[in-house]
Amino acid sequence: MDIGIDKIGFYVPKDYIDIVELAKARDVDPDKFTIGIGQDKQAVPQPYQDAVTMAASAADSILNSEDKQAIGLMIVGTESSIDESKSTAAFLMDLLDLPEDIRAYEIKQACYGATAGLQAAYDFVSLNPGKKALVIASDIARYGIKTPGEVTQGAGSVAMLIGEDPRVVKLDHKSVYMTRNVGDFWRPTFSKVAFARGKFSNQVYVDFFNTLWDKYQAKYDVTADDFKTMLFHIPYTKMGTKALRTLEDKLSPEKYAELTANYQESIKFSREVGNLYTGSLYLGLLSYLVNAAKANEKLLFFSYGSGAVGEIFSGEIQPGFEKVIDKKALQAVIDNRQKMSISDYEKMYQIEYQDGTIVDPTAVDAEFYLSEIKENERLYKKNK
Ligand code: COA
């Protein structure tokens, strides 16, 4: 049975800050941020947006009523959940108007959560022929104003419908994985912002990639020549570049040039949006599908979640994927946004809704929003 990604869509908040303006405001050479870190813009969520509202928007962009009836499993991967008990997935049931006959839950393992969800979805579909699984990655990446990590913030969500005879990417059920207890990145329950040993995290990420790539090649007797493109977890685009560069001396100049050129196509969206945490790898897939992908290309995916779990798996772009991937509409999600000044971003960053807040719907510029906090319970609405 062929199983994989049958539909994929994403959501990013409608406001962004310009990275050159951020650099100037922080008295940093803009080249450090645009070349050294590799970012151009950063998505900024409104206070009425969170992992729930963004997940709802991404999923809503791909689902029709037939899909909803076929879904038997919904998993949200997130590390910016709004509740320590109730899952982000449970909130989505009525926002997306889903039938109750669904197993819904959340997975947390830093930026690896959505990949864990994808693999569980694969297993679910293979055991339940005819059913589909909805996997959503949704996160707000926050490090704090004037911190070294500020330039690597971002927000957004990616939704994928997993099913039989997939129309976008067939997963070939080949994967290698590893877990190591590492202190490269963490966010204690009391904190809205993450703590990161950024440079150490880079080293662990590259080490995981090299270890897993060796393991994958040995296990499946393949080389880089068997793949057209390598997609990386890209919290900021320089990070994937560093992993890819480790292959330069091991590959033919032609193969390395091809992988590098395709990597550039896969990071176009991330340069514009910033860090989606667990959605970052899949935003890279979307960027590649919109900008360069061709039918039957073999893809290698490197997923990494600090703490740390890594996995390399593979798939194949399906003939006719363009019929499911509306390139113009996906590009429009990136293009139809407005710039926010650095001072407005700084002011908004401090806003944190408390119990008793009621959000004025006429001031909301999003399909789904936090409408109220009542008895400390967050309540959501779909914008009419
Ligand atoms: N022009 C071009 N490049 C420049 C530059 C300039 N004027 N000034 C600096 N750079 C380069 C540096 O050489 C460096 O490149 P390298 O990484 O290839 O060596 C890069 O810009 C970053 O400079 P650095 O001094 O290392 O930046 P920093 O101390 O501000 O830290 C991060 C950068 C990424 C480590 C920091 O933003 C961070 O911790 N972010 C959080 C990242 C994270 O942990 N994410 C989750 C992991 S999955």
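Residues numbered from 1 in each chain as written. Predicted model: local features only at pLDDT ≥ 70, side-chain atom pairs only at ≥ 80, totals over all residues. Heavy atoms only, no water.

Looking at an unreviewed UniProt entry, one finds the protein named Hydroxymethylglutaryl-CoA synthase, with Companilactobacillus zhachilii as its source organism. Among the UniProt annotations of the protein, the heading Sequence similarities (unreviewed entry) holds the following wording: "Belongs to the thiolase-like superfamily. HMG-CoA synthase family." (UniProt positions renumbered as here; feature names shortened; annotations may be inferred.)

A few words on helix H2 (residues 30-37). Count 3.6 residues to each turn of an α-helix, and residues three or four apart come out pointing the same way. Residues of H2 that are buried include every one of Phe33, Thr34 and Ile37, and no others. Along the axis of H2, the buried positions cluster into a sector of 115°, meaning they face one direction only. Buried residues belonging to H2 abut helix H1 (19-25), helix H8 (237-245) and helix H10 (268-273). Looking one or two residues beyond H2, the residue adopting positive phi is Gly38, at roughly 90°. (Buried < 20%, exposed > 50% of the residue type's maximum accessible area, 1.4 Å probe, protein only. Helix = DSSP H or I, 4+ residues; strand = E, 2+ residues; numbered from the N terminus. Arc of directions from axis to C-beta. Contact = heavy atoms within 4.5 Å.)

Spatially, nine strands are ordered E5-E4-E6-E7-E1-E8-E13-E12-E11 in an open sheet, and the strand pairing comes out mixed. Edge positions in the open sheet fall to strand E5 (103-107) and strand E11 (229-232), since each of these has one partner strand only. Pairwise comparison of adjacent strand axes, ignoring direction, gives a mean angle of 25° for this sheet. Judged from the five bridges that link them, strand E4 (residues 71-77) and E5 form a sheet pairing that is parallel. Looking at E5, one finds that Val76 is bridged to Glu106. Lying over the sheet, helix H5 (residues 88-95) contacts E4, E5 and strand E6 (132-141), oriented at roughly 130° with respect to E4. (Pairing = 2+ DSSP bridges. Axes fitted to C-alpha atoms, helices over the stretch in contact; angles between N-to-C directions.)

This part covers the pattern of salt bridges. Where side chains of opposite charge bring their charged atoms close, a pairing between them can arise. Evaluation of the coordinates by the stated rule reveals 18 salt bridges. Where Asp365 meets Lys14, a salt bridge forms, and the shortest distance between an N and an O atom there is 3.7 Å. Placement of Asp365 in the loop between helix H13 (342-349) and strand E15 (368-374) and of Lys14 in the loop between strand E1 (3-11) and strand E2 (15-18) is noted, with a sequence separation of 351 residues between them. With relative accessibility at 24%, the residue Lys14 sits in the partly exposed group. Between Asp60 and Lys382 there is a salt bridge; the shortest N-O distance is 3.8 Å. Here Asp60 is found in helix H3 (residues 51-60), whereas its partner Lys382 is found in strand E16 (residues 377-382), with 322 residues between them in sequence. According to the relative accessible area criterion, Asp60 is partly exposed, its value standing at 27%. Note on Lys382: relative accessible area 39%, which makes it partly exposed. (Salt bridge = Lys/Arg side-chain N within 4 Å of Asp/Glu carboxyl O.)

Evaluation of the coordinates by the stated rule reveals one cavity of 30 Å³ or more. In this structure, the largest cavity spans a volume of roughly 30 Å³. In terms of lining, the largest cavity is formed by Tyr11, Lys14, Asp15, Gln46, Tyr48, Gln49, Gln338 and Asp365. (1 Å grid on protein atoms, 1.4 Å probe; cavity = no way out; pocket = protein on both sides within 12 Å on 5 of 7 lines; lining within 4 Å. Points joined across faces, edges and corners; volume = space filled by probe spheres on them.)

Let us look at the site of the ligand. Around the ligand, 21 residues are found, and the nearest of them are Asp29, Lys32, Pro148, Lys238 and Lys242. In this structure, a nitrogen atom belonging to the ligand sits 2.9 Å away from a side-chain N or O atom of Asp29. Across the complex, the protein chains shield 71% of the 980 Å² of accessible surface that the ligand would expose by itself. Of the residues forming the shell around the ligand, the biggest block, four residues, is contributed by H2. Classifying every residue of the shell around the ligand by side-chain character gives eight nonpolar, seven polar and six charged. (Near = heavy atom within 4 Å. Polar contact = N/O pair within 3.5 Å; in protein donor to acceptor, adjacent residues only side chain to side chain. Areas by Shrake-Rupley, 256 points an atom, 1.4 Å probe, with all protein chains shown as cover. Nonpolar A, V, L, I, M, F, W, Y, C, P; charged D, E, K, R; others polar.)

Following the criterion strictly, the structure yields 19 aromatic pairs and no others. On the basis of an interplanar angle of 65° and a centroid distance of 6.0 Å, the ring pair of Tyr216 and Phe227 is categorised as edge-to-face. In this pair, Tyr216 is assigned in helix H7 (residues 198-220) and Phe227 in the loop between H7 and E11, connecting sequence segments 11 residues apart. Each member of the pair, Tyr216 as well as Phe227, carries the same accessibility label: buried. Their ring planes at 90° and their centres at 5.7 Å tell us that Phe232 and Tyr263 sit as a pair that is edge-to-face. Linking Phe232 in strand E11 with Tyr263 in helix H9 (residues 253-266), this pair joins segments that are 31 residues apart in sequence. Taken together, the ring pairs connect Tyr205, Phe208, Phe209, Phe232, Tyr263, Phe302 and Tyr304 into an aromatic cluster. If you follow Lys41 out to its NZ or CZ, it ends over the ring of Tyr16, 4.7 Å from the centre. One Lys or Arg, Arg142, reaches over the ring of Tyr349 and ends 3.9 Å from the middle of that ring. (Phe/Tyr/Trp six-rings, centres within 6.5 Å; stacked < 30°, edge-to-face > 60°. Lys NZ or Arg CZ within 6 Å of the ring centre and 35° of its normal.)

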